[in-house]
Amino acid sequence: MPTTLGQNQYGKAENRVVRITRDGATHHIKDLNVSVALSGDMEEVHYSGSNASVLPTDTTKNTVYAFAKEHGIESAEQFGIHLARHFVTSQEPIRRARIRIEEYAWERIGTPGEGEHSFVRKGQETRLAQITFDGEEWEVVSGLKDLTVMNSTDSEFRGFVKDGYTTLQETRDRVLATSVSGRWRFNWTGEGQRTPDWDTSYEETRKHLLQAFAETYSRSLQQTMYRMGARIIDHRDEIDEVRFSLPNSHHFLVDLEPFGLKNDTADGAVYFASDRPYGLIEATILRDGCEARIPVDLTNL
């Protein structure tokens, strides 16, 4: 039966690169995990095994490290732009480059009078960036994962559908907790436009999603999630689309009646934090008039 080649790509995944710059006794760290995927005129390597159009994946790895030294790492997004432009413009068979970056944050350990070169790895979220370039247009999607948040009150869940299998009780006061995985797509598509300040955009976007989480009286995690995305779009003109995947990290009141104790939220309660199974709430929030481009399944982004 005849066959034909479909979508294909290749590259080097998870290149760990740490760039340390020195400003006198003050040092700065950028810690990235960079994955490169290239596609284009690659039929022959699949059909006949000819490598005439193949840039070795080892070369893409070397390029990541060389560019970290040559260009520095201003931001994850800008570093990805340098790499994507290079691969598409320097190799004729390559038509499209996709650069995915995870950034791990470090904070200083204060050592007054002894220089600023000691750091501790932050235990919060991982910053994310994906940069795609096809020789003409850019698509930049930033985001984060593993940002754990909790509201200890101002959350309820009631008025839901009940059937013969429903055992969950309604509540007017519950813990709302989740680990935020989010992506946001910029409306910057080329160098004819003003380039966003990527670091400022990330910090402000993170701030707005956290403020929306904290300030929303939640009747459902869906409502809170929508407010988070809407606040980002309302306050950040450079962003047209936000996609969230939020596990509902359930906290159940422990039954303490066998011990003669009343476990009441009004005077401080004890909860069992359940890691699975969990509700999984996902949605895309768009600027009016824009179309969705971020994949529904964030595990493939």
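Scoring rules and cut-offs
- Residues numbered from 1 in each chain as written.
- Predicted model: local features only at pLDDT ≥ 70, side-chain atom pairs only at ≥ 80, totals over all residues.
- Heavy atoms only, no water.
- Helix = DSSP H or I, 4+ residues; strand = E, 2+ residues; numbered from the N terminus.
- Contact = heavy atoms within 4.5 Å.
- Buried < 20%, exposed > 50% of the residue type's maximum accessible area, 1.4 Å probe, protein only.
- Polar contact = N/O pair within 3.5 Å; in protein donor to acceptor, adjacent residues only side chain to side chain.
- Pairing = 2+ DSSP bridges.
- Axes fitted to C-alpha atoms, helices over the stretch in contact; angles between N-to-C directions.
- Parallel < 35°, antiparallel > 145°, perpendicular 65-115°, else oblique.
- Left-handed = near helix turned anticlockwise from the far one by under 90°.
- Nonpolar A, V, L, I, M, F, W, Y, C, P; charged D, E, K, R; others polar.
- Expected span 1.5 Å × (residues − 1).
- Arc of directions from axis to C-beta.
- Salt bridge = Lys/Arg side-chain N within 4 Å of Asp/Glu carboxyl O.

Caption draft 1: Focus on the environment of G80. For G80, the position within the fold is in helix α3 (residues 76-90). Spatially, the C-alpha atoms of G80 and R98 are 8.5 Å apart, while their sequence positions differ by 18 residues. Filtering out sequence-adjacent residues up to four positions away, G80 remains in contact with I99, I101 and I131.

Caption draft 2: Main features of the side chain of K30. Assignment of secondary structure puts K30 in strand β2 (residues 26-40). Exposure remark for K30: the relative accessible area of 17% places this residue in the buried category. Reaching out from K30, the side chain makes a polar contact with the side chain of E103 at a distance of 3.2 Å.

Caption draft 3: Summary view of the side chain of S218. Following the sequence through the fold, S218 ends up in the loop between α4 (198-215) and α5 (221-235). Of note is the side chain of S218, whose polar atom sits 2.9 Å from the backbone oxygen of S220. At a separation of 2.8 Å, a polar atom in the side chain of S218 contacts the side chain of T224. When residues no more than four places from it in sequence are discounted, the contact partners of S218 are D154, S155, E156, L176, Q223 and T224.

Caption draft 4: The arrangement of the sheet that holds strand β1 (residues 15-23) in detail. What the eight strands build is an open sheet, ordered β1-β2-β3-β6-β7-β8-β9-β12; its pairing is antiparallel. Lying at the two open borders of the sheet, with one neighbouring strand each, are β1 and β12 (279-286). When the angles between neighbouring strand axes are averaged without regard to direction, this sheet yields 20°. Here β2 runs beside strand β3 (residues 94-104); their pairing, made up of 10 bridges, is antiparallel. Its bridge partner being in β3, V36 is matched across the sheet by I99. Lying on the sheet, α3 is in contact with β2, β3, β6 (126-133) and β7 (138-151); it crosses β3 at an angle near 160°. Lying over the sheet, α5 contacts β8 (176-186), β9 (239-248) and β12, oriented at roughly 155° with respect to β9.

Caption draft 5: Structural context of the pairing of β7. As paired strands, β6 and β7 are joined by eight bridges and run antiparallel to one another. For Q130, the partnering residue across the bridge sits in β7 and is V141.

Caption draft 6: Layout of unusual backbone geometry. Cis geometry is found at the peptide bond from R276 to P277, where omega equals -5°. Within the secondary structure, P277 is located in the loop between β11 (271-273) and β12. Here the phi dihedral of E14 falls at roughly 55°; this positive angle occurs in a residue that is not glycine. By relative accessible area, E14 is classed as exposed at 57%.

Caption draft 7: View of the packing of helix α2 (residues 57-70) against α3. One can describe the packing of α2 onto α3 by two numbers: an axis separation of 11 Å at closest approach and a directional angle of 130°. Taken together, α2 and α3 sit at an angle that is classed as oblique. Like other packed secondary-structure pairs, α2 and α3 cross with a definite hand, here right-handed. The segment α2 lies against α3, with T60, T63, V64, F67 and A68 engaging F79, H82, L83, H86 and F87. Taken together, the residues of the contact of α2 with α3 sort by class into six nonpolar, four polar and no charged.

Caption draft 8: Main features of α4. Between its terminal C-alpha atoms α4 stretches 26 Å, which fits the 26 Å expected from 18 residues at 1.5 Å a residue. Restricting attention to buried positions, one finds in α4 the residues W198, S201, Y202, T205, R206, H208, L209, A212 and F213. With its buried residues spanning 165° around the axis, α4 presents them on a single face. Residues of α4 that are exposed and angled more than 90 degrees away from the buried face: A214 and E215. Each element contacted by the buried residues of α4 is listed here: α3, β6, β7, β8, α5 and β9.

Caption draft 9: Just the pattern of salt bridges, in detail. The full count for this structure, using the stated rule, is 19 salt bridges. Of the charged contacts in the structure, one is a salt bridge between D41 and R95, with a shortest N-O distance of 2.8 Å. Pair noted here: D41 is in the loop between β2 and α1 (43-47) and R95 is in strand β3, with a separation of 54 residues, a long-range link. Overall, D41 belongs to the partly exposed group, its relative accessible area being 34%. Among the salt bridges present, the one from K61 reaches D58, with a minimum N-O distance of 2.9 Å.

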